[in-house]
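Residue-level structure breakdown
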Amino acid sequence: MINIKVNNTTYQFQSTVTLDQIINQLDISVNGIAVAINQSIITKSDWISTTPNDGDTVLIIKATQGG
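Described in the following lines is the structure provided in the data block. (Residues numbered from 1 in each chain as written. Predicted model: local features only at pLDDT ≥ 70, side-chain atom pairs only at ≥ 80, totals over all residues. Heavy atoms only, no water.)

Here we look at the overall build of the protein chain
Per the secondary structure count, the protein chain includes one helix and five strands. The secondary structure elements of the protein chain, listed N-terminal to C-terminal, are β-β-α-β-β-β. Against the 2.2 N^0.38 benchmark of 11 Å for 67 residues, the protein chain shows a C-alpha radius of gyration of 12 Å, consistent with a compact globule. In terms of overall dimensions, the protein chain has C-alpha extents of about 40 × 25 × 20 Å along its principal axes. (Helix = DSSP H or I, 4+ residues; strand = E, 2+ residues; numbered from the N terminus. Rg over C-alpha atoms; globule rule 2.2 N^0.38 Å.)

Spelled out as structure tokens, the structure:
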């Protein structure tokens, strides 16, 4: 098990979890979101192949409408 902080909350995952799996396990809608690991943006096409390491910080930001 590894510890990964997602939006300031620490979660435990299997050691080989991908960003795509994290998003699915946390039931986060993929529409209009941006994802970064340790302040580095990860493109949506790379979510399926990117595996965060123990202690990494994942930030998921949802775009909102406004004026």
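Remarks on the environment of Ile4
Inspection of the secondary structure assignment puts Ile4 in strand 1 (residues 2-6). Separated by 21 residues in sequence, Ile4 and Gln25 have C-alpha atoms that sit 13 Å apart. Apart from residues lying up to four places away in sequence, Ile4 is in contact with Thr9, Thr10, Tyr11, Phe13, Val17, Ile22, Pro52, Asn53, Asp56 and Val58. (Contact = heavy atoms within 4.5 Å.)

Structural notes on the packing of aromatic side chains
Counting across every chain of the model gives one aromatic pair. With a centroid separation of 6.1 Å and 40 degrees between ring planes, the pair formed by Tyr11 and Phe13 is classed as tilted. Taking relative accessible area as the criterion, Tyr11 reaches 32% and is therefore assigned partly exposed. (Phe/Tyr/Trp six-rings, centres within 6.5 Å; stacked < 30°, edge-to-face > 60°. Buried < 20%, exposed > 50% of the residue type's maximum accessible area, 1.4 Å probe, protein only.)

Looking at the sheet that holds strand 2 (residues 9-13)
If you walk across this open sheet you meet the five strands as 2-1-5-3-4, and the pairing is mixed. A single partner strand is all that each edge strand has here, and the edge strands are strand 2 and strand 4 (40-42). Averaged over all pairs of adjacent strands, the angle between their axes in this sheet comes to 35 degrees, without regard to strand direction. Bridge count between strand 3 (residues 33-37) and strand 4: three bridges; the pairing is antiparallel. Residue pairing for strand 4: Ala36 is matched across the bridge by Ile41. (Pairing = 2+ DSSP bridges. Axes fitted to C-alpha atoms, helices over the stretch in contact; angles between N-to-C directions.)

This is a description of form; function is not addressed.
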